[in-house]
Amino acid sequence: MLGHAPENMTRARSDGVETATQDPATDVYIASEYLAQLKAESSFADVPAEETTRAQYEELAARYNGGPGRQTEDAQASGRGFGYHLHDARQTLRG
C-alpha cells in the first residue's frame with residue numbers, strides 16, 4: 001500500500017511506517033488509500049459509494065482485514081461483522 005515490499009524493508013523504514021501509523025490522521029489516510037485500492041481491484045470498482053451493497057462492503061472488510069488470506073473464516077467473519085455494524089459506521093462518519 002505504501003509502496004514498500006514488507007520483505008524488503010529495512011528496520012528503520014519499518015519503524016518509520018509504524019511511527020506514522022501512530023498518528024490518527026496518517027493512519028486514517030493510509031486506511032482510506034488502502035480501501036480505495038481494494039475497491040479499485042474489486043468487481044464493483046465503478047459502483048458509487050451510495051449504491052454499494054452490504055455484501056460488497058463485507059467483501060471490502062474481508063479483503064482489508066484478511067489481506068492475502070481473505071478467504072479464511074476469520075477474514076470472512078470480520079467482513080460479516082462489519083456488515084452488521086454498517087449503519088453505525090455510517091453514522092460515525094457523518095458525525
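Residues numbered from 1 in each chain as written. Predicted model: local features only at pLDDT ≥ 70, side-chain atom pairs only at ≥ 80, totals over all residues. Heavy atoms only, no water.

### Structural notes on the packing of aromatic side chains
Right, on to step 1. Applying the stated criterion to the full structure yields 1 aromatic pair.
Right, on to step 2. Pairing Tyr 34 with Tyr 64 gives two aromatic rings, centres 5.3 Å apart and planes at 45°, and the pair type is tilted. Note that Tyr 34 is positioned in helix 2 (residues 24-40) and Tyr 64 in helix 3 (residues 54-66), a separation of 30 residues in sequence. (Phe/Tyr/Trp six-rings, centres within 6.5 Å; stacked < 30°, edge-to-face > 60°. Helix = DSSP H or I, 4+ residues; strand = E, 2+ residues; numbered from the N terminus.)

### Some remarks on the environment of Ser 42
Right, on to step 1. In this structure, Ser 42 sits in the loop between helix 2 and helix 3.
Right, on to step 2. In this structure Ser 42 comes out as buried when scored by relative accessible area, which is 9%.
Right, on to step 3. Note: C-alpha distance between Ser 42 and Asp 74 (32 residues apart in sequence) is 20 Å.
Right, on to step 4. There is a polar contact of 3.2 Å between the side chain of Ser 42 and the backbone nitrogen of Phe 44. (Buried < 20%, exposed > 50% of the residue type's maximum accessible area, 1.4 Å probe, protein only. Polar contact = N/O pair within 3.5 Å; in protein donor to acceptor, adjacent residues only side chain to side chain.)

### Some details on the side chain of Gln 56
Right, on to step 1. As for its position among the elements, Gln 56 is in helix 3.
Right, on to step 2. Look at Gln 56 and you get buried, because its relative accessible area is 16%.
Right, on to step 3. Those residues within four positions of Gln 56 in sequence are excluded, and the remaining contacts are Phe 44, Val 47 and Glu 51. (Contact = heavy atoms within 4.5 Å.)

### What to know about the packing of helix 3 against helix 4 (residues 73-84)
When two helices pack together, their arrangement is given by the angle between the helix axes and by the axis-to-axis distance.
Right, on to step 1. Interaxial distance between helix 3 and helix 4 falls to 7 Å at its minimum, and their mutual angle equals 135°. Between helix 3 and helix 4, the crossing angle belongs to the class labelled oblique. In the packing of helix 3 onto helix 4, the handedness of the crossing is right-handed. Residues Arg 54, Tyr 57, Glu 58, Ala 61, Ala 62, Asn 65 and Gly 66 of helix 3 form the contact with helix 4, whose own contacting residues are Ala 75, Gln 76, Ser 78, Gly 79, Arg 80, Phe 82, Gly 83 and Tyr 84.
Right, on to step 2. Across the contact of helix 3 with helix 4, the residue classes break down as 6 nonpolar, 6 polar and 3 charged. (Axes fitted to C-alpha atoms, helices over the stretch in contact; angles between N-to-C directions. Parallel < 35°, antiparallel > 145°, perpendicular 65-115°, else oblique. Left-handed = near helix turned anticlockwise from the far one by under 90°. Nonpolar A, V, L, I, M, F, W, Y, C, P; charged D, E, K, R; others polar.)

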